[in-house]
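One-letter residues, chain by chain:
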Amino acid sequence: MKLRCRTDIIANILSSINSRGSAGASKSHIVEIADISYMKLRDYAPLLTRCGLTELEDDTNLYFVTAKGQKYLELYRSISELEEVIPLKAMLTIK
């Protein structure tokens, strides 16, 4: 398994919450789907909420992705697509 950077981990957490649709996601769901430890989630969850990427519903303790979090995922996916193209183009110009 490749090491993930902070942006990858955040995107994985947001994607795992999104996988539940509008139902929201529990911490155990996020840990399982994002493939992170509970301790790591304890570090990231408050950060994501503080930055406005997620919201925690107090009554149910479920996490939801905000509009800002959706925008983060869109940009992350765009950058990921570019990462696949740029090395290929660099290899083509070297030859």
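See above for the structure.
If you're wondering where the values come from, they're calculated on a predicted model, not measured in any experiment. For every chain, the first residue of the written sequence is number 1, and numbering continues from 1 along that sequence. Note on the predicted model: pLDDT of at least 70 is required for a residue's local features to be given, and 80 or more for side-chain atom pairs to be given and counted; whole-chain, interface and lining totals, by contrast, use all residues. Water and hydrogen atoms were dropped before computing side-chain values, which therefore reflect all heavy atoms in the structure.

Notes on the overall build of the chain
Rule in force here: Secondary structure is summarised from DSSP: a helix means a run of H or I of at least four residues, a strand means a run of E of at least two, and numbering begins at the N terminus for each. Categorising residues by exposure relies on relative accessible area from a 1.4 Å probe, with only protein chains included: less than 20% of the type maximum marks a residue as buried, more than 50% marks it as exposed, and the intermediate range marks it as partly exposed. Using a 1.4 Å probe, the Shrake-Rupley method yields the accessible areas, and only the shown protein chains count as cover for residues.
The helix and strand inventory of the chain stands at 4 helices and 2 strands. From first element to last, N terminus to C terminus, the chain shows the α and β order α-α-α-β-β-α. Looking at the chain residue by residue over its 95 residues, the buried ones come to 27%. Total accessible area on the chain is roughly 6700 Å²; 57% of this is exposed by carbon and sulfur atoms.

Overview of the environment of Y63
Here Y63 shows up in strand β2 (residues 62-65). Under the relative-accessibility criterion, Y63 is labelled buried at 5%. Taking the C-alpha atoms as reference points, Y63 and I17, 46 residues apart in sequence, are found 6.8 Å from one another.

Looking at the nonpolar core
Convention followed: Definition used in this section: a nonpolar core is a set of buried Ala, Val, Leu, Ile, Met, Phe, Trp, Tyr and Cys residues joined via side-chain atoms within 4.5 Å. Contacts between residues were defined by any pair of non-hydrogen atoms, one from each residue, lying within 4.5 Å.
Residues I13, I17 and I30 are the most contacted members of the largest nonpolar core, which totals 19 residues. Those elements giving two or more residues to this core turn out to be α1 (6-18), α2 (27-34), α3 (38-50) and β2. Element by element, the count of residues in this core is highest for α1, at 6 residues. Setting aside residues up to four positions removed in sequence, I30 forms contacts with I13, S16, I17, A25, D35, L41 and Y63.

A word on the pairing of strand β1 (residues 54-57)
Counted only if it meets this: By definition, two strands form a pair when at least two bridges between them are found by DSSP.
Judged from the 4 bridges that link them, β1 and β2 form a sheet pairing that is antiparallel. In the strand pairing of β2, E57 is matched with L62. The antiparallel hairpin formed by β1 and β2 contains 4 residues in its connecting segment, where N61 sits at a positive phi of about 55 degrees.

Examining the packing of α1 against α2
Put simply, the test is: Geometry is summarised by axes, namely lines fitted to C-alpha atoms with helices restricted to the contacting stretch, and by angles between N-to-C directions that run from 0 to 180 degrees. What sets the label is the angle itself: under 35 degrees gives roughly parallel, over 145 gives roughly antiparallel, 65 to 115 gives roughly perpendicular, and the rest give oblique. Throughout, a crossing is termed right-handed when the near helix is turned clockwise from the far one, and left-handed when it is turned anticlockwise from it by less than a right angle.
Where α1 contacts α2, the axes come no closer than 9 Å and their chain directions differ by 120 degrees. Looking at the two axes, α1 sits oblique to α2. Seen along the crossing, α1 lies across α2 with a hand that is right-handed. Seen from α1, the contacting residues are N12, I13, S16 and I17; seen from α2, they are H29, I30, I33 and A34.

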